[in-house]
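Per-entry structural report
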Amino acid sequence: MDRTKCVVVGAGVIGLACARRMAMGGSEVVIVEAADAIGTGMSARSNEVVHAGLYYRPGSPQARLCVSGRDALFAYCEHHGVACEPIGKLVVATDEAALSWLTGVRANARANGAGELEWLDEDGVRALEPEIRCRAALHSPATGIVDSHGLMLALLGDAEAAGAVLALGSALRSVSVTPKGFALGIDSGGEATRLECRFLINAAGIGAAPIAQSIDGLRPESIPKIHLAKGTFFALSGPSPFRHLIVPDVAVQRAGGIFTLDLAGRGRFGPDEEWIAEVDYGLDAGRAPAFTAAVRRYYPGLDSGALQPDYVAVRPRRNGPGEAMADWLLAGPREHGVAGLVNMCGFESPGLTAALPIADAVAAMLLADADADVAVTGAAAPV
Ligand SMILES: Cc1cc2nc3c(=O)[nH]c(=O)nc-3n(C[C@H](O)[C@H](O)[C@H](O)COP(=O)(O)OP(=O)(O)OC[C@H]3O[C@@H](n4cnc5c(N)ncnc54)[C@H](O)[C@@H]3O)c2cc1C
């Protein structure tokens with residue numbers, strides 16, 4: 001059976017950042033990816049926003065890693081020639097009732113260190129975005145957008161330059177805990193192969209919870225339960241009426257009212273929120289009227305028929321319908337009790353923004369693993 005120091009499961013943005021970090025720290029790394037290309041999961045279906053850290057619960061892993069990730073990501077992209085721009089975001093209260101929500105967002109953002117924020121009244125908003133009708137808004141100039149695929153290619157390039165090997169079309173099927181680490185059963189294009197490793201990093205996105213649940217010996221409280229939320233996106237045809245990203249109050253968000261731009265200047269609305277039992281990427285164009293109604297809450301000029309079906313994403317969530325947003329499960333040996341293993345479950349937004357410090361945190365968890373027979377270097381991988 002072949003043996004390597006570290007196996008990373010999943011070649012999305014977080015798996016690639018972890019592979020890069022471990023390889024640059026001196027570990028021999030194999031990335032196993034079920035699909036035939038990198039970045040076809042959540043990382044290909046995000047809003048591509050570099051979040052400033054406005055919404056996440058202060059002290060949560062999302063809040064901490066988002067704020068450090070934002071700065072690290074801007075620096076990394078500049079250094080590696082990946083397109084990334086701080087175009088700014090407006091968080092809008094569409095009516096009087098949403099003002100207290102907006103005040104709460106501001107307090108939360110300040111507690112998180114989310115950077116500069118400006119409170120704008122209706123006239124202030126109109127000076128920035130003449131098409132918007134709302135009661136007030138928060139302007140976050142530190143929020144940006146990134147070319148997520150360019151970022152993943154850069155991370156993979158760094159990882160491979162440091163010796164990491166990418167195995168596409170290779171699905172992890174089984175994990176056995178052994179005295180020296182893990183014995184993995186892998187399906188490589190229909191052929192069953194075996195691979196042993198000392199460190200196992202589970203960054204399989206929506207596939208991460210089933211993998212974690214299959215590993216013997218995890219403390220019961222660290223075995224993740226995950227709910228799935230489907231999100232549909234509609235593209236806006238024609239030139240964008242906005243220069244900023246727009247995030248309306250929660251009910252309007254959930255109905256599809258978030259507006260984001262890509263680096264080519266194309267606008268899109270979404271995701272909305274639909275709880276599902278099984279992974280389903282089917283796009284229901286019949287959701288367009290609900291999107292139109294939501295968007296018109298702050299953009300009354302939206303033409304009927306301007307929305308085109310775009311794509312669907314599935315978010316793994318630790319909270320279910322009607323429950324408060326739960327934290328990510330970032331669990332290393334100290335949390336779950338299995339040496340050499342890190343599980344990452346429920347890693348939806350802001351995982352793209354936070355990918356670089358997530359990778360540092362994962363490496364630190366393995367380094368701190370008292371049973372580790374081979375150390376990972378403690379130095380952070382340079383940008
Ligand atoms: C709708 C939506 C919008 C988002 N918007 C933003 C945003 O604007 N900004 C932001 O910061 N974050 C955003 N996020 C969050 C961000 O996209 C994710 O946190 C991040 O992409 C997760 O990366 P990942 O590598 O963990 O997972 P993924 O990108 O899903 O990659 C997991 C990989 O694992 C592979 N895999 C699964 N099972 C196996 C197996 N058994 N064997 C081998 N490989 C396997 C999959 O094929 C996949 O390639 C958004 C997420 C969603 C869903």
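Just so we're clear, the structure is a prediction, and the values are computed from it rather than from any experiment.

**Quick word on the overall build of the chain**
Helices and strands together make up the secondary structure of the chain, namely 10 helices and 20 strands. Here the C-alpha radius of gyration of the chain, 21 Å, is about what a compact globule of 383 residues would show, namely 21 Å. Expressed as lengths along the three principal axes of its C-alpha atoms, the size of the chain is roughly 65 × 40 × 40 Å. Looking at the chain as a whole, 54% of its 383 residues are labelled buried. Look at the contacts in the chain between residues 6 or more apart in sequence, and 72% of them connect residues 24 or more apart. Of the roughly 15,300 Å² that the chain leaves accessible, carbon and sulfur atoms contribute 52%.

**Overview of the site of the ligand**
Near the ligand you find 37 residues, and of these Glu-33, Ser-43, Val-49, Phe-347 and Thr-353 are the closest. A distance of 3.4 Å separates a nitrogen atom of the ligand from a polar atom in the side chain of Ser-349. Relative to its unbound accessible area of 1,000 Å², the ligand is 93% covered by the protein chains. The set of elements that each furnish at least two residues to the shell around the ligand consists of helix H1 (13–24), strand E10 (170–178) and strand E18 (307–317). When the residues that make up the shell around the ligand are grouped by side-chain class, the tally is 19 nonpolar, 13 polar and five charged.

**Observations regarding the domain arrangement of the chain**
Domain parsing of the chain yields domain 1 (2–46 + 149–225 + 326–367) and domain 2 (89–141 + 227–317). Carbon and sulfur atoms make up 58% of the surface buried where domain 1 meets domain 2, a total of about 940 Å² over both sides. Area buried by domain 1 at its contact with domain 2 is led by Arg-45, Ile-206 and Glu-348, which between them contribute 63% of it. Here domain 1 is connected to domain 2 by one salt bridge. Its salt-bridge partner being Arg-317, residue Glu-348 comes within 2.4 Å of it at the nearest N-O pair. Taken together, the residues that form the side of domain 1 that touches domain 2 break down as three nonpolar, two polar and three charged.

**Description of the packing of helix H2 (residues 61–80) against helix H10 (residues 355–367)**
Between two packed helices, both the angle of their axes relative to each other and the distance between the axes serve to describe the pair. Taken N-terminus to C-terminus, the directions of H2 and H10 make an angle of 115 degrees; their axes are 6 Å apart at the nearest point. On the basis of the axis angle, H2 is roughly perpendicular to H10. Along its contact with H2, which presents Leu-65, Ser-68, Gly-69, Ala-72, Leu-73 and Tyr-76, the element H10 presents Leu-356, Pro-357 and Ile-358. Taken together, the residues of the contact of H2 with H10 sort by class into seven nonpolar, two polar and no charged.

**Points about the side chain of Ser-60**
Within the fold, Ser-60 resides in the loop between strand E3 (49–50) and H2. Here Arg-57 takes part through its backbone oxygen, which lies 2.6 Å from a polar atom of the side chain of Ser-60.

**Remarks on H2**
At 3.6 residues per turn, the α-helix brings residues three or four places apart onto the same side. Of all the bends in H2, the greatest, near 30 degrees, is centred on Gly-69. Pro-61, Gln-62, Ala-63, Leu-65, Cys-66, Val-67, Gly-69, Arg-70, Leu-73, Tyr-76 and Cys-77 are the residues of H2 that are buried. Looking one or two residues beyond H2, the residue adopting positive phi is Gly-81, at roughly 70 degrees.

**Digging into the environment of Asp-187**
In this fold, Asp-187 is placed in strand E11 (residues 181–188). Contact partners of Asp-187, with chain neighbours within four places excluded, come to Gly-169, Ser-170, Ala-171 and Arg-173. Among the polar contacts listed, one links the side chain of Asp-187 to the side chain of Arg-173, at a separation of 3.5 Å.

**A look at the packing of aromatic side chains**
Scanning the entire structure with this criterion turns up eight aromatic pairs. Centre to centre, the rings of Phe-242 and Phe-259 are 5.0 Å apart; their planes meet at 75 degrees, and the pair counts as edge-to-face. Here the residue Phe-242 occupies a position in the loop between strand E13 (227–236) and strand E14 (245–248), and Phe-259 occupies one in strand E15 (residues 259–261), the gap between them amounting to 17 residues. A relative accessible area of 0% means that Phe-259 is categorised as buried. With a centroid separation of 5.0 Å and an interplanar angle of 70 degrees, the aromatic rings of Phe-242 and Tyr-299 are classed as edge-to-face. Taken together, the residues Phe-242 in the loop between E13 and E14 and Tyr-299 in the loop between helix H8 (288–295) and E18 connect sequence positions 57 residues apart. In this structure, Phe-242 and Tyr-299 share a single accessibility class: buried. Between the NZ or CZ atom of Arg-45 and the centre of the ring of Tyr-281, over which it lies, the distance is 4.0 Å.

Each value, and the rule that gives it
Residues numbered from 1 in each chain as written. Predicted model: local features only at pLDDT ≥ 70, side-chain atom pairs only at ≥ 80, totals over all residues. Heavy atoms only, no water. Helix = DSSP H or I, 4+ residues; strand = E, 2+ residues; numbered from the N terminus. Rg over C-alpha atoms; globule rule 2.2 N^0.38 Å. Buried < 20%, exposed > 50% of the residue type's maximum accessible area, 1.4 Å probe, protein only. Contact = heavy atoms within 4.5 Å. Areas by Shrake-Rupley, 256 points an atom, 1.4 Å probe, with all protein chains shown as cover. Near = heavy atom within 4 Å. Polar contact = N/O pair within 3.5 Å; in protein donor to acceptor, adjacent residues only side chain to side chain. Nonpolar A, V, L, I, M, F, W, Y, C, P; charged D, E, K, R; others polar. Domains from an automatic or database assignment. Buried area = accessible area lost by both parts, 1.4 Å probe. Salt bridge = Lys/Arg side-chain N within 4 Å of Asp/Glu carboxyl O. Axes fitted to C-alpha atoms, helices over the stretch in contact; angles between N-to-C directions. Parallel < 35°, antiparallel > 145°, perpendicular 65-115°, else oblique. Bend = angle between axes of the 7 residues up to and from the residue. Phe/Tyr/Trp six-rings, centres within 6.5 Å; stacked < 30°, edge-to-face > 60°. Lys NZ or Arg CZ within 6 Å of the ring centre and 35° of its normal.

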